Structures are given as structure tokens and as C-alpha cells.
Amino acid sequence: MKNRGFHFRPHCWLSDCWFCPDGVPGFAIPFYLAHPRLTRLEKAHMLEIDGHSAESRMKLLRHETAHALANACRLHLKQSWRRRFGRASKSYPESYLPRPYSRNYVLHLDNWYAQSHPAEDWAETFAVWLDPDSRWREKYRDWPAIKKLNYVDQLMNEIVGRSPPVRSKKQVDSIKTLRLTLREYYAEKQTRLQQDLPRFHEQQLRRIFPASVSHKNERAAHFVRKLRREAIANVARWTSESRYRINLTIEDMIRRCEEMNLHASPDKEETKIALVASLVMLYMGSLRSGMSRLAI
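A. Region of the structure containing the overall build of the chain. Each helix and strand in the chain was counted, giving 11 helices and 4 strands. By its C-alpha atoms, the chain is 75 × 50 × 30 Å across when sized along the principal axes. Relative to its full complement of 296 residues, the chain shows a buried share of 47%. A fraction of 72% describes how many contacts in the chain between residues 6 or more apart in sequence connect residues 24 or more apart. If you sum the accessible surface of the chain, you get close to 16500 Å²; carbon and sulfur atoms cover 49% of it. Taken together, the 51 basic and 33 acidic charged side chains of the chain have centroids lying 4 Å from each other.

B. How the structure looks around the packing of helix α1 (residues 36-46) against helix α7 (residues 182-193). Relative orientation of the contacting elements α1 and α7 amounts to 35°, with a least axis distance of 11 Å. The element α1 and its partner α7 pack so that their crossing is right-handed. Facing α1, whose interface residues are L38, L41, E42, H45 and M46, α7 presents L182, Y185, Y186, K189, Q190 and L193. Partitioned by chemical class, the residues of the contact of α1 with α7 number 7 nonpolar, 2 polar and 2 charged.

C. Region of interest: the pattern of salt bridges. Inspection of the entire model under this criterion finds 17 salt bridges. For E42, the salt bridge goes to K189, with nearest N and O atoms at 2.5 Å. Here E42, found in helix α1, pairs with K189, found in helix α7; they are 147 residues apart in sequence, far enough to count as distant. Residue E42 shares its accessibility class with K189, and that shared class is buried. A salt bridge links R135 to E138, with the shortest nitrogen-to-oxygen separation between them at 3.6 Å. Residues joined in a network through salt bridges with shared partners are R199, D252, R255, R256 and E259.

D. Representation of the packing of aromatic side chains. Enumeration over the complete set of coordinates arrives at 14 aromatic pairs. Pairing F126 with W129 gives two aromatic rings, centres 5.6 Å apart and planes at 35°, and the pair type is tilted. You can see F126 and its partner W129 sitting in helix α4 (residues 118-130), 3 residues apart, about one turn around the helix. Members of the aromatic cluster, connected to one another through ring pairs, are F6, W81, F85, W122, F126, W129 and Y151. Of note, R4 hangs over the ring of W129, and the distance from its end group to the ring centre comes to 4.1 Å. Positioned above the aromatic ring of Y105 is the side chain of K148, whose terminal nitrogen or guanidinium carbon lies 4.2 Å from the ring centre.

E. Layout of the state of the cysteines. Summed over the entire model, instances satisfying the criterion amount to 0 disulfides. Looking at C12, it has no disulfide partner, and the nearest cysteine sulfur is the one in C20, 9.7 Å off. Looking at the unpaired C17, the closest cysteine sulfur is the one in C20, lying at 12 Å. Owing to a relative accessible area of 33%, C17 belongs among the partly exposed residues under this scheme.

F. Structural context of the environment of P266. For P266, the position within the fold is in the loop between α10 (243-260) and α11 (268-289). Judged by relative accessible area, which is 63%, P266 ranks as exposed. Counting along the chain gives 48 residues from P266 to E218, while the straight-line C-alpha distance between them is 7.8 Å.

G. Region of interest: the nonpolar core. The biggest cluster of nonpolar side chains holds 44 residues, and the ones touching the most others in it are L75, W122, F126, W129 and M156. The set of elements that each furnish at least two residues to this core consists of α2 (54-73), α3 (79-85), α4, α6 (146-159), α7 and α10. Among residues more than four places away in sequence, those in contact with L75 are L69, A70, W81, W122, L155, M156 and I159. Counting 29 residues, the second-largest nonpolar core is a separate cluster that includes W112, F209, F223 and M284.

H. A look at the environment of G161. Here G161 lies in the loop between α6 and α7. For G161, a relative accessible area of 40% translates into the label partly exposed. In sequence terms G161 and H7 are 154 residues apart; their C-alpha atoms lie 5.9 Å from each other. Those residues within four positions of G161 in sequence are excluded, and the remaining contacts are G5 and H7.

Conventions we followed
Residues numbered from 1 in each chain as written. Predicted model: local features only at pLDDT ≥ 70, side-chain atom pairs only at ≥ 80, totals over all residues. Heavy atoms only, no water. Helix = DSSP H or I, 4+ residues; strand = E, 2+ residues; numbered from the N terminus. Buried < 20%, exposed > 50% of the residue type's maximum accessible area, 1.4 Å probe, protein only. Contact = heavy atoms within 4.5 Å. Areas by Shrake-Rupley, 256 points an atom, 1.4 Å probe, with all protein chains shown as cover. Lys, Arg positive; Asp, Glu negative; His and termini not counted. Charge placed at Lys NZ, Arg CZ, Asp CG, Glu CD. Axes fitted to C-alpha atoms, helices over the stretch in contact; angles between N-to-C directions. Left-handed = near helix turned anticlockwise from the far one by under 90°. Nonpolar A, V, L, I, M, F, W, Y, C, P; charged D, E, K, R; others polar. Salt bridge = Lys/Arg side-chain N within 4 Å of Asp/Glu carboxyl O. Phe/Tyr/Trp six-rings, centres within 6.5 Å; stacked < 30°, edge-to-face > 60°. Lys NZ or Arg CZ within 6 Å of the ring centre and 35° of its normal. Disulfide = S-S within 2.5 Å. Core = buried A, V, L, I, M, F, W, Y, C linked by side-chain atoms within 4.5 Å.

The analysis is restricted to geometry; functional conclusions fall outside its scope.
Here is the structure:
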């Protein structure tokens, strides 16, 4: 922000997740990033950490700074802002159905997050604009999203160097005020991610594990268990889906393979490819069909 010539600096506090409250020129950072033991606890329960690396943390910081700056300068009240992004006052849905191949939105955070709400479209567009290494003029040159990026560039040139009118240091749901236990926190978080979980049909499982029952062929459930960690990592990389949700699908897959007494083919590599590819298609297919939505 300093390199861009802004006087504005968002204030930050610890809470249970990343968020920027309406009207507040600052944002919350999840408590589990404050101490290595808490970080390990988050990884153990959720299989991943939102902001685990310096790169992912910087993406989230830029995103939340966009919300804080909009509140500080009341940008979302501008008619020009509404024409580009929509109404920030639009109610937030509990989940959204993205269009993975749409070029009307920038790609920044996972899960095509810019498509979830007009305010998130703004935050993602600003984050790409702010990143000194994004090369947004080149990357989005042929995308309709370039119009939004050019608008952000123009708008920021208008407000740079000015002191924002809103200077509140309010903190919402600070850990000093939260009474949620860690057990309750993880129970709520996991329950939310268990909704609309995609599952394999029996016919799909038989295509992945077509081998006949034989003592020479490894049991499919055992084969999946051995590949669980690798499969979760690969599917998460290709789909941007939650590792926790992918693991639940794999657990269901293991249980049903045992019930159906399925066995893996002797060709381990081919079966591994079929397993990962099927999981990727399962999650991408559920999004395209509208059967599965992404939680906000």
C-alpha cells in the first residue's frame, strides 16, 4: 500500500476466520495462525490451513485489504462501482454455484471466489491489481474482466494520497469476546463442509476397480487407504476443493468398496490414475450440474 502511495492502513485483530465486517476499515485474521500449536491443530482437524504459506497469506491479506479500503473510502456507494460490480448490499448467500470457465472474473483465491458476491468480485479484482507480480494487463488482456481491472486502476488513481473519511478501529468478534470452545469451533466448521457431499455411484466404483475377486488382487479399500494422502493432494490441486471434503468422499468410497467386495487391478499405476481422475470429475461434474455448491 505504501509503494502505491496510499495513506490507508487497515487495522487487524484475531478472530475465528478471515473476514472484514461491513463499515469497518480493518479485518480479522484466524487465531490458528498466531501460534504453531494452533496451526498444527487446524491442520489435524481440517487437513489444511487457510493461509498456510507466505504466498497464500499474502493473497488473503490483499483480498481483505480491498474490503477494508472500500469501507474506509465508501467506494461501494459510488454509482460507477455498482455498475462494474453490482450492489454490495446484496444479501450474502450461504453457498454459490460458480462458472469455472467464465472470463468475466479474475482468478485469485481458490474456488472462483470472485463469483460468490459483488463485494468479493471487487476484493478479488483489487487484489490482482495490487499484486506487483500479477501482470494483469497482459494476463487479462482478452478477458471481459479487464474492464473491471481498468476501472480499479482509474479509481485508485483518484483516491491515492488521500486520507480516508472512515477511521474506526472497531473490532468485531475478537478472540477476547468469543466464547466458542475449540471443540465447538471444529464441530461447526466440519458440519458446514459436510453439506452437498458428492458420492460415487456403484457403477462408477466398478469401473475404477474392475478386477474380479481373487486372492492375487489387492482389496480396493486397502488400495484407496494407501493412496489417500496422495489422492487428496492431487484432487485439491486440480479442483481447489476442500481437503476435508475430499477426504470424506474417500472415506465413503472405502466403506462402499468393502461392502461391494471390490478389488484393484494388478496395474497399480493405471488404477491410481483412474482413481484420481474419477475424483476430479466427480467434484467438477457436481459443480457443473448444480448438484453441489461452494460454501462461503
